[in-house]
Amino acid sequence: AVQEEIKKHEKYAKKQAKLAERHSSRAQIVTSLSPSTSLPLASVLSSLPVTSTGWSARRPKPDASSLSPAELHRQAQLLPQVPFDRTTNSPTQIRSGPHVLAARSTLPPIAVQEAITNFLLEIDEFRDNAPRAFSLTEVSRGVHDSVVFGVTRTYTKHIHLTGVHKRYKQQTQHLLASASLNVIARWATELVGAHFPKVKQRYLDAKRQLDIPRYHTNSESPPDTPEWEAPFGIFTLLTINRAKVGPVDVSPHLDYKNPAGGVCVVIPYGVFDSTRKHWLVLWDLGIIIEVPAGVAIAFPSALILHWNCNLVETAGEIPTRSNSTPIEADGRGSLVLFTQATVLM
């Protein structure tokens, strides 16, 4: 039985290696354009906010940047741009030498587009049945409605469901049983497997380790522990961000509770002009990247300061208040799949 398991694992590893090679061969390669990331990767990582244990990132210091939010936005609009090439529709890798630091998918296939549309309708139904589940987020991640499902181990010894997941368990379990969500989770998992195969394997191993008898029989464990696994592919948490007083545009932040050596996947949705709006700023990589609706992007959100920024219309010169035209808001939202560092420990 052990030998069969080893053979099965080797076969799976070879399949993933071929998949990663195929995606890398057709991917648009973008070398990181920031002066800091032109250094060897070890030098880049040494300057990032990693805890002494290496498990997660550190909370950003208030004085980590002398730039105001307005100045950060202004400078972000001047960063080298990575638009989405719809003519080739190929995946994109952001690299420092041979190391992939971020990856953007192709446009979603029809099945994924339909899955996102159907899941949004199911989210509306969930919201009707649990009107207080969504909470208003208005600090580091912009002003919008947000809800988090899945399992965490933040500040506790044992795995437990998120507060909303536990409080509205029946409605949540109905929502998470969605076949559409399963399609979306596979879309995100395939992106990570193709460009970050070791991260995918690490997340899979963590989920397998969590699903062992001691978590089901330990008297100290919460009674809902056996139901910890949620259908988020390799991830254990899903955040749904919905427009409230405008589109979901997050402010500059680090997801410092996520693993330092891991990635999260963001999938924006809604009807918006991605050629002008809601570009993702990857500040430490020195780029601003277009992410159309349904396109998935994976990056180490614990380490890279990131936020959304609209492009501005100018007369071909450096944008200023006098020559820039504000871009109107819309109903953009996002799905974020991730795992916290404490779950991997």
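Residues numbered from 1 in each chain as written. Predicted model: local features only at pLDDT ≥ 70, side-chain atom pairs only at ≥ 80, totals over all residues. Heavy atoms only, no water.

## Some thoughts on the overall build of the protein
- Along the backbone of the protein there are 10 helices and 14 strands.
- With 345 residues in all, the protein has 50% of them scored as buried.
- Sequence separation of at least 24 residues holds for 77% of the intrachain contacts in the protein that already meet a minimum separation of 6.
- Approximately 17,200 Å² of the protein is accessible, and the part contributed by carbon and sulfur atoms is 55%. (Helix = DSSP H or I, 4+ residues; strand = E, 2+ residues; numbered from the N terminus. Buried < 20%, exposed > 50% of the residue type's maximum accessible area, 1.4 Å probe, protein only. Contact = heavy atoms within 4.5 Å. Areas by Shrake-Rupley, 256 points an atom, 1.4 Å probe, with all protein chains shown as cover.)

## A closer look at the pairing of strand S3 (residues 92-96)
- Counting buried positions over the 5 residues of S3 gives 4, a clear majority of the element.
- Here 5 bridges tie S3 to strand S4 (residues 99-104), and the two strands are oriented antiparallel to one another. Bridged to Ser96 within S4 is His99.
- Joining the antiparallel neighbours S3 and S4 is a turn of 2 residues, in which Gly97 adopts a positive phi near 65°. (Pairing = 2+ DSSP bridges.)

## Topic: the packing of aromatic side chains
- Scanning all chains against the criterion turns up 4 aromatic pairs.
- Judged by centre distance (5.3 Å) and plane angle (85°), the ring pair of Phe126 and Phe149 falls under edge-to-face. Here Phe126 is found in helix H4 (residues 110-129), whereas its partner Phe149 is found in strand S6 (residues 144-152), with 23 residues between them in sequence. In terms of burial, Phe126 and Phe149 fall into one category: buried.
- Taken together, a centroid distance of 5.7 Å and an interplanar angle of 80° make the contact between Tyr203 and Phe235 edge-to-face. (Phe/Tyr/Trp six-rings, centres within 6.5 Å; stacked < 30°, edge-to-face > 60°.)

## Here we look at the sheet that holds strand S2 (residues 81-82)
- Strand order in the open sheet formed by 4 strands is S2-S11-S10-S13, with mixed pairing between adjacent strands. The outermost strands of the open sheet, each flanked by one partner alone, are S2 and strand S13 (306-309).

## Some details on the packing of H4 against helix H7 (residues 179-195)
- Contact geometry of H4 with H7 gives a least axis separation of 8 Å together with a crossing angle of 130°. The pairing of H4 with H7 is recorded here as oblique in orientation. Where H4 crosses over H7, the handedness of that crossing is left-handed. Taken together, the residues of H7 that come into contact with H4 (itself represented by Ala111, Val112, Ala115, Ile116, Asn118, Phe119 and Glu122) are Ser180, Leu181, Val183, Ile184 and Trp187. (Axes fitted to C-alpha atoms, helices over the stretch in contact; angles between N-to-C directions. Parallel < 35°, antiparallel > 145°, perpendicular 65-115°, else oblique. Left-handed = near helix turned anticlockwise from the far one by under 90°.)

## As for the packing of H4 against helix H6 (residues 169-176)
- Between H4 and H6, the shortest axis-to-axis distance is 10 Å and the interhelical angle comes to 170°. When the axis of H4 is compared with that of H6, the two are roughly antiparallel. Within the contact between the two elements, H4 uses Phe119, Glu122, Ile123, Glu125, Phe126 and Asn129 and H6 uses Gln171, Thr172, His174 and Leu175.

## Remarks on H4
- Taking 1.5 Å of rise per residue, 20 residues should cover 28 Å, and H4 covers 29 Å from first to last C-alpha, within 8% of that figure.
- Among the residues making up H4, those that are buried are Val112, Ala115, Ile116, Phe119, Leu120, Ile123 and Phe126. Buried residues along H4 cover an arc of 140° about the axis, so they all sit on one side. Opposite its buried face, H4 presents the exposed residues Ile110, Leu121 and Asp128, each directed more than 90 degrees away.
- In this structure, the buried side of H4 is in contact with S6, H6, H7, strand S8 (237-242), strand S9 (264-269) and strand S14 (333-338). (Expected span 1.5 Å × (residues − 1). Arc of directions from axis to C-beta.)

## Considering the nonpolar core
- Among the nonpolar cores identified, the biggest contains 44 residues, and Phe119, Phe149, Val192, Phe235, Ile240, Ile267 and Leu335 are the most heavily contacted of them.
- Only H4, S6, H6, H7, helix H8 (197-210), S8, S9 and S14 provide two or more residues apiece to this core.
- No other element matches H7, which puts 8 residues into this core.
- The next biggest cluster of nonpolar side chains, apart from the first, holds 20 residues, and it includes Leu101, Ala102, Cys264 and Val295. (Core = buried A, V, L, I, M, F, W, Y, C linked by side-chain atoms within 4.5 Å.)

## Topic: the pattern of salt bridges
- For the structure on display, the rule yields 4 salt bridges.
- The partner of Glu290 in a salt bridge is Arg86, and the shortest N-O contact between them spans 2.9 Å. Of this pair, Glu290 sits in the loop between strand S11 (287-289) and strand S12 (297-299) while Arg86 sits in the loop between S2 and S3, and the two are 204 residues apart along the sequence.
- Ionic pairing is found between Asp273 and Arg276, a salt bridge with its closest N-O pair at 3.1 Å.
- Given a relative accessible area of 31%, Asp273 falls into the partly exposed group. (Salt bridge = Lys/Arg side-chain N within 4 Å of Asp/Glu carboxyl O.)

## Examining the confidence of the model for the protein
- For the protein, the average pLDDT comes to 76, and 65% of its residues sit at 70 or higher.
- The element-level mean pLDDT for the protein is lowest in helix H9 (residues 213-217), coming to 37, with S12 highest at 97.
- Across residues 32-45, where pLDDT falls below 50, the model places 22 contacts with residues more than four positions away in sequence or in other chains.
- pLDDT under 50 marks residues 323-329. Its contacts with residues more than four places away, or in other chains, come to 17 contacts. (pLDDT = per-residue confidence, 0-100.)

## A few points about the pairing of S8
- Within S8, 6 of the 6 residues are buried, which leaves the element mostly enclosed by the surrounding structure.
- Because side chains alternate across S8, one face comprises the buried residues Leu237, Thr239 and Asn241, and the other comprises Leu238, Ile240 and Arg242, equally buried.
- Here 6 bridges tie S6 to S8, and the two strands are oriented antiparallel to one another. What sits directly across from Phe149, in S8, is Leu238.
- Bridge count between S8 and S14: 5 bridges; the pairing is antiparallel. Its bridge partner being in S14, Leu237 is matched across the sheet by Phe338.

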